[in-house]
2 protein chains.
Amino acid sequence: MQHTSAIHSAAQANDRLKTLQAQLGATPSEYTHPLDPLSATEISVASTLIKARHVGKRFQFRYVTLVEPPKTVMTAYLDDELAGRTPAGRPDRVAEALYSIFDHETGWSYKVYEAIVNLTNNQVVEETPLPEGVAEALSFKSMADAQAILVESKEFKDAVAKLGLPENVVVEIDPWMYGVDQPKFGPNRLSFLCYARHPSNNHPDGNLYAVPLPIIPIMDLQTMKVLSIDPAASGGTEDGFAYNTHPEKAIDHCIANEYVPELQANGLRKDLKPLQVVQPEGASFKITGRLVEWQKWRFRVGWNYREGMVINDVTYNGRRVFHRLSLSDMTVPYGDPRTPYHRKQAFDLGDIGAGISANNLALGCDCLGLIHYFPGALASYTGEGEVKGNAVCLHEQDMGIGWKHTNYRTNRAVLTRNRMLVVQQILTVANYEYIFAWQFDQAGAIHFETRATGILSTCPIDPGKVSEWGNVVSPGVLAQYHQHIFCLRIDPAVDGWKNSVVQEEAVSLPISKERNPFGNAFVTQKTVIKSSSYADAAPEKNRVFKIVNPAKLNPYSKNPVGYKLVPHTGQLLLADPGSVSAQRARFAQHHLWVTKHRDGDLWCGGKYTNQSFREDGGLQDMVERSENVENEDILVWHTFGMTHIPRVEDFPVMPVEVHTVSLKPADFFTQNPAIDVPASSQLVNQSVLYDERAAAVGKPASKCCS
Amino acid sequence: MQHTSAIHSAAQANDRLKTLQAQLGATPSEYTHPLDPLSATEISVASTLIKARHVGKRFQFRYVTLVEPPKTVMTAYLDDELAGRTPAGRPDRVAEALYSIFDHETGWSYKVYEAIVNLTNNQVVEETPLPEGVAEALSFKSMADAQAILVESKEFKDAVAKLGLPENVVVEIDPWMYGVDQPKFGPNRLSFLCYARHPSNNHPDGNLYAVPLPIIPIMDLQTMKVLSIDPAASGGTEDGFAYNTHPEKAIDHCIANEYVPELQANGLRKDLKPLQVVQPEGASFKITGRLVEWQKWRFRVGWNYREGMVINDVTYNGRRVFHRLSLSDMTVPYGDPRTPYHRKQAFDLGDIGAGISANNLALGCDCLGLIHYFPGALASYTGEGEVKGNAVCLHEQDMGIGWKHTNYRTNRAVLTRNRMLVVQQILTVANYEYIFAWQFDQAGAIHFETRATGILSTCPIDPGKVSEWGNVVSPGVLAQYHQHIFCLRIDPAVDGWKNSVVQEEAVSLPISKERNPFGNAFVTQKTVIKSSSYADAAPEKNRVFKIVNPAKLNPYSKNPVGYKLVPHTGQLLLADPGSVSAQRARFAQHHLWVTKHRDGDLWCGGKYTNQSFREDGGLQDMVERSENVENEDILVWHTFGMTHIPRVEDFPVMPVEVHTVSLKPADFFTQNPAIDVPASSQLVNQSVLYDERAAAVGKPASKCCS
């Protein structure tokens, strides 16, 4: 239980601060813009100031993050920048921190506090205990501490001994949020899903999820005591809710179902030849700190512990498009009603944090081509800032033909390729991976792509059985049905700061002599959303949502300039609306939400999701403020989901399941904005013709074409 | 009206045949497989045999195409091949032809015939006049002949003179199917949509669609006489169905809205640097004639005048997956009720043909990387076979991460990239382009990607007006609302020849003490489709359709092995179900159709779509045969659409609108089939780090990382 960097005296705090200030002063480029994330040094300053107020105490920091300046301050600042003026003032740098302070010099009990720290004048502005009735976010440190105690406990060793495992089996553990099933606040506990390395290989990177154990330990986080070792249901459909149906030798029926290359029993494919992306004249993008300029796009890449990457201040050819884009939160509820699985519901951003979970990306593995990485700084549990060097990657990619037309009269074809800019992060949340990418194209559109991969969260099932609650993906392995529901936060600035949302559908007209004599006619039906509300996808009506600037009309069509969101139509939350599961995630019940912007309106599921029993301060509450959202500073939120009925092919690691949501210009421009992209040509692209005969005799079959 | 290659005597026919037979004999590789498309020589043989029956007559061929052997013959043949046996027999090569024979030595009147020709024994097996009540498909030759007569006619010249066009304006014309609005067969006519080159540039590749003219000539195809020059409605919403509202100078309010690079007033982007795909060790695919082998996939690329590319005999790692995949047809109905627009409805495959419309692709322009092209042979109007050398392209592409998992305990990441094989064709149908691609990935899935691009079909609108029937995308240019509805024909062979289709949904359970005490539970609901029928998408129920082999169960899940189709959820046909428009395209009214296979069941909209007033012999008729489709030789058809409400950004050429439909293995395999793909590594991928400082001083900013 070591906590280094503790502060033991005011003098020590001052010395530390001086050292950090010198660092800040020495590297002014560390902070050049109000929307830049906190640097590691700034994080260290904040935590030092906090620790100085509690000299000698033991701390565990959970996060230290930027509090973005108020929007009214930022709009003025950004307007100055866009106009080429030096912004009038520089907003103070403010940080928010969440941390626990241990009650005593030894022991585990703690209290949680939140603090606001002004880094410009080195003041802790306020420090408050965590509000009543909410839990702090999870931390990897707490999970690790708890697990270390668990594995040494008698309760755990006894429970494992009863499972009839082979000699020397190594048990692996995934700590999990305890979850909630009562509509009231409960004590702060932790669950543990238990697995084993397959005894045939005992590999440290073996697929433990292929060997699930039928026990679920529970611990109390305040005392770090083992409360119980609960049985995990492992029966089939015929067993209903019965427990302890598993065989005496609990894992003998499980096989090694591995993903690491060296354990592939049949070897690897030998016939895949390299495919490289080469950019011989370098990148078309220009990066200056966190500022990105590419093909008329200009934006900043922000970052924080919870959302991970944030896209700020997006303009296209000098016109405002979006103020801020991010993934706000997500929920992954499971559909198995057998205790304790009914509580299995993760909120991966609110419970832990995307920035915290983000992979440190590796050149040439995660991204192909010419790559730039953005770092992100986090608070270690001691409060010191640490940099994740490759938290976000950026690169170009070719996405096929952008546009083409051949004039059949002359047979002249003109076409361009669709070059995209990708800004990407990858999260690992225990078993699962999520790859998120913002993609910008040359035709003025922005896309958010989600790829789900990684490993299914599994639970045990007795040999030979099947279950109505999931799919058996390997002997003894049940992959329960669940959902992945995401929510995008879109802060628009379509040609200006005040926008409206218009719902538009394509509607058949009834047959009539006057308007539709032959029955083929259809029109659009548009409805301006006036008051904060939610709506759903309706693909059978071609329902789309246009974020428009009612004060600016397209000179040709006379429609207000806008950006169109075609909602993702996937199934949303299946849990009964009255259930705690649904009440925790009211944002997950509708596809589209329009609210009036208020500073701090960041979290679709509320600020405190871990152990929440009800979404508080999330989208439903924002909507119920019943505010005007017409021609206003608004927020648009898009919830989209995928119900996951696992396939056997999703194991041992799932092939990516890809979903894309697009924001496309709709009468924002006066023509295809990519019309001036240079035409695709062989001179530039250097494609090569495959030569069948050369290939047949085993030579690399390439010949260059003029 | 030149028709060369006419046959004037039996002796001439025999000589010609001998020459062709010698060609066939000399190049045995031209026909190596029963599913290979007809070669140019075979086409010439067929037409020569036909012409020999009508010595001295003038012909106009429309198509000569392969009649695929009966399925029962092919399944035996392919089973032999798959088992490594020499197939017992070689089915006869049979061709079908459609052609007109002119009634007299001069003049235009003609009769249309269909013939079946056995190329193995050089016999015309049957020759019949086109059935009563149907029209032949359109041909570019007829359109060109008609247009040549039109532009010289007094009626046309007089009508143009009345439009007040500037001096020396060049009128351009798009011949169009006449269309149908009565529930009865009508005479065979042709429409013409008229445009002009913008007088400011008069460029042969100028965007004529920016200068629409308010006249629509009509001609009779049997007599090639101009029947009328109809007015095109050009009013705004306030004008209702009025005609002749256009100004005296009909096009003065139109601007030049160009796509060719040399006419870009503001020049082209100068900051796009090359991005190349390099495959230094060559392709991973192997092509032998029309056979493709790549990453455990094995299939043949078929081709014909109507579907264009066809994917035949798909196996994965020696297991059957699909017998035949193709786009069956599509319909593009417009929603403007003002005569004659109410008749505007194209069936681009049935009316003309995808193979006929396919671009001859250009290396380095259409496809990036290491490319193989497949040719396709068509009958010229004289009947001679002509080869389109690059009708279909094939190449690999990198589609990002395929799967990834990081074990947080060891921080070891294992990931692979998702390499895809693409088989692609591009159609130009007058104004529009469609890019279709079958994509195969390493995780056993097949995707069909559609990209719509090219130019909107426009009509005139008076200056300053807007219309409820479309969007004004350029001054004087109305882009009418319309739909693009496609239909895929899927002939499955999932692990064998007899399959079923199971509809599966994810369904919440009601709260109950026994089964769902906490309200989180959900299950799947499966319904086997027993009798030929149709169904719709229902994304709110997570409805998917699994094509399964009920005789083969997955050893782990115990589910029948299958392939899952997640239906595209876009809006389907908006026309009133009782309208002629809807009756012509009953296939376009539902998303999913399951029918029992019969030879010749190729055309979702029926065999004869041009001038059809009712879908005849299409999906609705197939379904109404009420046949068993459970554990049967079935066909699965997927209709998917996009309602096109044109944006100003869709002009002058539309940025691609991309839609993908996927067929994914569902318990077909016992694990992720891509688990043995070698891990992604920098050594192979050779990605390069972007160096911010180097870029800032203008050097190509790349540095290699170890």
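Residues numbered from 1 in each chain as written. Chains lettered and ligands numbered in written order. Predicted model: local features only at pLDDT ≥ 70, side-chain atom pairs only at ≥ 80, totals over all residues. Heavy atoms only, no water.

**Regarding the pattern of salt bridges**
Residues and elements named next belong to chain B. Tallied over the full model, the rule gives 100 salt bridges over all chains. Note that Asp491 and Lys71 form a salt bridge whose closest N and O atoms lie 2.6 Å from each other. Pair noted here: Asp491 is in strand β24 (residues 482-492) and Lys71 is in helix α3 (residues 71-82), with a separation of 420 residues, a long-range link. For Glu627, the salt bridge goes to Arg598, with nearest N and O atoms at 2.9 Å. Taken as a pair, Glu627 in the loop between α9 (619-623) and β31 (634-644) and Arg598 in the loop between β30 (592-596) and α9 lie far apart in primary sequence, 29 residues in all. (Salt bridge = Lys/Arg side-chain N within 4 Å of Asp/Glu carboxyl O. Helix = DSSP H or I, 4+ residues; strand = E, 2+ residues; numbered from the N terminus.)

**Here's the deal with the relation of the copies chain A and chain B**
Between chain A and chain B, which share one sequence, the superposing operator has a rotation angle of 180 degrees and an axial displacement of 0.0 Å; the RMSD is 0.0 Å. Viewed as a symmetry operation, the transformation between the two copies matches a two-fold axis. For chain A, the smallest separation between a C-alpha atom and the rotation axis is recorded for Val277(A), amounting to 2.4 Å. The overlap is high: 100% of the interface residues of chain A also sit at the interface in chain B, so the same surface is used on both sides. (Least-squares fit on C-alpha atoms with pLDDT ≥ 70 in both. Contact = heavy atoms within 4.5 Å.)

**Some details on the interface of chain A and chain B**
Each side of the interface is counted separately: chain A has 187 residues, and chain B has 187 residues. Surface buried jointly by chain A and chain B totals about 15,400 Å² across both partners, of which 53% is contributed by carbon and sulfur atoms. If you sort the residues of chain A by the area they bury against chain B, Arg269(A), Phe522(A) and Tyr690(A) come out on top, with a joint share of 6%. For the pair chain A and chain B, the interface holds 16 salt bridges. (Buried area = accessible area lost by both parts, 1.4 Å probe.)

**Re the pairing of strand β11 (residues 291-294) of chain A**
Residues and elements named next belong to chain A. Bridge count between strand β10 (residues 286-288) and β11: three bridges; the pairing is antiparallel. Across the sheet, Lys286 pairs through a bridge with Glu293, a residue of β11. Turn length for the β10-β11 hairpin, with the two strands adjacent in sequence and antiparallel, is two residues, and the turn residue Gly289 shows positive phi of about 65 degrees. Pairing analysis gives four bridges linking β11 to strand β12 (residues 297-304), with the strands arranged antiparallel. Following the sheet pairing, Val292 is matched in β12 by Phe299. Hairpin connection of β11 to β12: two residues between the antiparallel strands, including Gln295 at a positive phi of 45 degrees. (Pairing = 2+ DSSP bridges.)

**So, helix α4 (residues 140-152) of chain A**
For α4(A), with 13 residues, the first-to-last C-alpha span of 19 Å sits near the 18 Å given by 1.5 Å per residue. Regarding α4(A), the residues found buried are Lys141(A), Ser142(A), Met143(A), Asp145(A), Ala146(A) and Leu150(A). (Expected span 1.5 Å × (residues − 1). Buried < 20%, exposed > 50% of the residue type's maximum accessible area, 1.4 Å probe, protein only.)

**Thoughts on the packing of aromatic side chains**
Scanning the entire structure with this criterion turns up 54 aromatic pairs over all chains. With a centroid separation of 5.0 Å and 75 degrees between ring planes, the pair formed by Phe668(A) and Phe669(A) is classed as edge-to-face. The class of Phe669(A) is buried, set by a relative accessible area of 10%. Geometrically, the ring pair formed by Phe102(B) and Tyr110(B) is edge-to-face, given 6.3 Å between the ring centres and 70 degrees between the ring planes. (Phe/Tyr/Trp six-rings, centres within 6.5 Å; stacked < 30°, edge-to-face > 60°.)

**Brief notes about the UniProt feature "modified residue: 2',4',5'-topaquinone" (unreviewed entry) in chain A**
Residue and element names in this part refer to chain A. Residues annotated in UniProt with the feature "modified residue: 2',4',5'-topaquinone" (unreviewed entry) correspond here to Tyr432. Along the chain, Tyr432 falls in strand β19 (residues 432-441). What Tyr432 contacts, discounting residues up to four positions off in sequence, is Tyr334, Leu427, Thr453, Gly454, Ile455, Leu456, His482, His484, His644 and Met654. (UniProt positions renumbered as here; feature names shortened; annotations may be inferred.)

**Quick word on the pairing of strand β28 (residues 544-553) of chain A**
Residues and elements named next belong to chain A. Taken together, the five bridges between strand β25 (residues 500-508) and β28 define a ladder with antiparallel strand orientation. Following the sheet pairing, Gln503 is matched in β28 by Phe545. Judged from the six bridges that link them, β28 and strand β29 (residues 560-565) form a sheet pairing that is antiparallel. Each bridged residue has a counterpart across the sheet, and for Leu553 the counterpart in β29 is Pro560. Joining the antiparallel neighbours β28 and β29 is a turn of six residues, in which Lys558 adopts a positive phi near 70 degrees.

**A few points about the confidence of the model for chain A**
For any part of a model where pLDDT is low, the fine detail of the predicted coordinates should not be relied upon. All names here are of chain A. With 96% of its residues at a pLDDT of 70 or more, chain A has an overall mean of 94. In this model residues 699-706 is a low-confidence stretch, pLDDT under 50, and it forms 22 contacts with partners more than four residues away in sequence or in other chains. Both scores are given for the predicted complex: the pTM is 0.96, the ipTM 0.95. (pLDDT = per-residue confidence, 0-100.)

**Concerning the environment of Pro665(B)**
Structurally, Pro665(B) can be placed in strand β32 (residues 654-666). With relative accessibility at 0%, the residue Pro665(B) sits in the buried group. The sequence separation of Pro665(B) and Asp576(B) amounts to 89 residues, and the corresponding C-alpha distance is 37 Å. Once residues lying within four places of it in the same chain are set aside, the contact partners of Pro665(B) are Arg647(A), Glu649(A), Ala443(B), Gly444(B), Ala445(B), Gly562(B) and Tyr563(B).

**Side note on the sheet that holds strand β1 (residues 59-66) of chain A**
All names here are of chain A. Strand order in the open sheet formed by four strands is β1-β2-β3-β4, and the pairing between neighbours is antiparallel. For this open sheet the edge positions go to β1 and β4 (123-129), each flanked by a neighbour on one side alone. Taken over all neighbouring pairs, the strand axes of this sheet differ in orientation by 20 degrees on average, direction set aside. Taken together, the nine bridges between strand β2 (residues 94-102) and strand β3 (residues 110-118) define a ladder with antiparallel strand orientation. Bridge pairing links Ser100 to Val112 in β3. Here helix α2 (residues 40-52) sits on the sheet and contacts β1, β2, β3 and β4; the angle it forms with β1, its principal contact strand, is near 135 degrees. (Axes fitted to C-alpha atoms, helices over the stretch in contact; angles between N-to-C directions.)

**A short note on the side chain of His591(B)**
Residue and element names in this part refer to chain B. You can see His591 is positioned in the loop between α8 (580-584) and β30. Its relative accessible area of 8% is what places His591 among the buried residues. A polar contact of 3.1 Å, which involves the side chain of His591, links it to the backbone oxygen of Gly570. Excluding anything up to four places from it in sequence, His591 contacts Ala535, Asp536, Ala537, His568, Thr569, Gly570, Leu572, Trp637, His638 and Thr639. (Polar contact = N/O pair within 3.5 Å; in protein donor to acceptor, adjacent residues only side chain to side chain.)

**With respect to the UniProt feature "domain: Copper amine oxidase N3-terminal" (unreviewed entry) in chain A**
Per the UniProt annotation, the sites labelled "domain: Copper amine oxidase N3-terminal" (unreviewed entry) are residues 139-230 of chain A. Regarding residues 139-230 of chain A, the helix share stands at 23% and the strand share at 29%, and the terminal C-alpha atoms are separated by 23 Å.

**Concerning the packing of helix α4 (residues 140-152) of chain B against helix α5 (residues 154-161) of chain B**
Residues and elements named next belong to chain B. One way to put it is that α4 packs onto α5 with a least axis distance of 5 Å and a crossing angle of 60 degrees. One finds that α4 runs oblique with respect to α5. Within the contact between the two elements, α4 uses Leu150, Val151 and Glu152 and α5 uses Lys154, Phe156 and Lys157. When the residues that make up the contact of α4 with α5 are grouped by side-chain class, the tally is three nonpolar, no polar and three charged. (Parallel < 35°, antiparallel > 145°, perpendicular 65-115°, else oblique. Nonpolar A, V, L, I, M, F, W, Y, C, P; charged D, E, K, R; others polar.)

**Side note on unusual backbone geometry**
With an omega dihedral of 0 degrees, the bond running from Thr339(A) to Pro340(A) counts as a cis peptide bond. Position of Pro340(A) relative to the elements: it lies in the loop between β14 (319-333) and β15 (345-346). For the peptide bond that leads from Phe651(A) to Pro652(A), omega is 0 degrees, which places it in the cis range. Even without a glycine there, the phi angle at Ser626(B) is positive, about 45 degrees.

**Quick look at the sheet that holds strand β21 (residues 458-460) of chain A**
Residues and elements named next belong to chain A. Spatial strand order, β21-β23-β22: three strands in an open sheet with antiparallel pairing. Among the strands making up the open sheet, the edge pair consists of β21 and β22 (470-474). Shown here is a sheet whose adjacent strand axes are inclined to one another by a mean of 45 degrees, direction ignored. Inspection of the sheet shows β21 paired to strand β23 (residues 477-480) by three bridges, in the antiparallel sense. Across the sheet, residue Pro460 finds its bridge partner in β23, namely Val477.

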